[in-house]
Amino acid sequence: MPRAKRPSSSQPNAGAVGWSGRTQAVFYRDNRGREPVNDFLEELLEVQPLAVAKIDNAIEEHLNGRDRRHPPPEFPTTSQIEGELRELRVRFAKTRYRVFYQRSRNLMVLLHVLEKNTGAVRARDKRMAEARMADFETRMNASPRRRPRAAGRDSPPASRGA
């Protein structure tokens, strides 16, 4: 019995994130090719592998695969820091981690991560995330784009087993 043909799409790359309507978390990549959030998590993996697994799972559960029309996850899972900058809140044992992210179309760009020991978000952490997002937007909107690409690898990486 012959297989039914799939309907063709008039849009190129119909299965790609940009057309699918689902969100995908990606690491911000600086102009030297470094991914600061992934670097932090890889270092933490050496001493707290279960904490990294919990952070990766939270990213997968709350940021990936969301319909682009849906609002962000609600408090206490995430909270708004300022403007469109948000934090994913993850607690592991007595330690609190915050992953700062901002949406760019269907991408959830992971900008900064820290172990939170204070009540309020420090201004320098907020500025760092904002500067990284400004760099991301500038580089992604450049014509032509130059390497390295501002949108890094998908998160969580399969290599960590999340």
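Remember, it's a predicted structure, so these values are computed and weren't measured experimentally. (Residues numbered from 1 in each chain as written. Predicted model: local features only at pLDDT ≥ 70, side-chain atom pairs only at ≥ 80, totals over all residues. Heavy atoms only, no water.)

Points about the nonpolar core
The criterion, for reference: In this description, a nonpolar core means a group of buried Ala, Val, Leu, Ile, Met, Phe, Trp, Tyr and Cys residues linked to one another through side-chain atoms lying within 4.5 Å. Burial classification: accessible surface area is computed with a 1.4 Å probe over protein chains only, and a residue below 20% of its type maximum counts as buried, one above 50% as exposed, and the rest as partly exposed. In this text, helices come from DSSP runs of H or I with a minimum length of four residues, and strands from runs of E with a minimum of two, each type numbered from the N-terminal end. Here, residues are in contact when the closest pair of their heavy atoms is within 4.5 Å.
In terms of nonpolar packing, the biggest core is built from 20 residues, with Ile55, Ile59, Leu63, Leu88, Tyr97 and Leu110 touching the most fellow members. Counting only elements with at least two residues in this core, the list comes to strand E1 (24-28), helix H2 (36-47), helix H3 (49-62), strand E3 (85-92), strand E4 (95-104) and strand E5 (107-116). The biggest single contributor to this core is H3, with five residues. Contact partners of Ile59, with chain neighbours within four places excluded, come to Ala25, Asn64, Leu88, Leu110, Ser155 and Pro156.

Examining the confidence of the model for the protein
Put simply, the rule reads: In predicted models, pLDDT denotes the confidence assigned by the predictor to each residue on a 0 to 100 scale.
Model confidence for the protein is summarised by a mean pLDDT of 85, while 86% of its residues fall at 70 or above. Segment residues 1-19: pLDDT under 50, and 13 contacts once partners within four positions in sequence are set aside and those in other chains are kept.

What to know about H3
Keep this limit in mind: In this scheme, a helix's expected span is set at 1.5 Å multiplied by one less than its residue total.
The terminal C-alpha atoms of H3 lie 20 Å apart, and with 14 residues this matches the ideal 20 Å at 1.5 Å per residue to within 8%. Tucked inside the fold, the buried residues of H3 contact E1, H2, E3, E4 and E5.

Here we look at the sheet that holds E4
To keep things clear, this is the line we draw: A pair of strands is treated as paired once DSSP finds two or more bridges between them. Lines are fitted to the C-alpha atoms to define the axes, a helix being fitted only along its stretch in contact, and any angle between axes, read from their N-to-C directions, falls within 0 to 180 degrees.
Strand order in the open sheet made by the six strands is E2-E3-E4-E5-E1-E6, with mixed pairing throughout. Here the strands that pair on one side only, and so sit at the sheet edges, are strand E2 (78-82) and strand E6 (151-154). Across the sheet, the mean angle separating the axes of adjacent strands is 40° when strand polarity is ignored. Sheet analysis places E3 next to E4, joined by seven bridges and oriented antiparallel. When the sheet's bridge partners are listed, Arg86 is paired in E4 with Tyr101. Running over the sheet, H3 touches E1, E3, E4 and E5 and is turned about 135° from E3. Strands in contact with helix H4 (residues 123-141) are E1, E2, E3, E4, E5 and E6; relative to E5, the strand with the most contacts, it is inclined by about 160°.

Quick look at unusual backbone geometry
Backbone torsion omega between Ser143 and Pro144 reads 0°, so that peptide bond is classified as cis. Along the polypeptide, Pro144 turns up in the loop between H4 and E6. A cis amide bond, omega 0°, links Arg147 with the succeeding residue Pro148. In this fold, Pro148 is placed in the loop between H4 and E6. With a phi close to 55°, Ala93 is a non-glycine residue in the positive phi region. Tracing the chain through its elements places Ala93 in the loop between E3 and E4. Looking at Ala93, the relative accessible area reads 61%, which means it is exposed. With phi around 60°, Arg105 is a residue other than glycine that occupies positive phi space. Locating Arg105 in the fold gives a position in the loop between E4 and E5.

Points about the pairing of E5
Every regular strand shows the same layout, with side chains that alternate between the two sheet faces. Across the ten residues that make up E5, a large majority, nine, are buried. With four bridges joining them, E1 and E5 adopt parallel strand pairing. By the bridge assignment, Gln24 is partnered in E5 with Leu107. Bridging between E4 and E5 involves nine bridges; their strand directions are antiparallel. Bridge pairing links Tyr101 to Leu110 in E5. Counting the residues that bridge the hairpin from E4 to E5 gives two residues, and of these Arg105 lies at a positive phi of roughly 60°.

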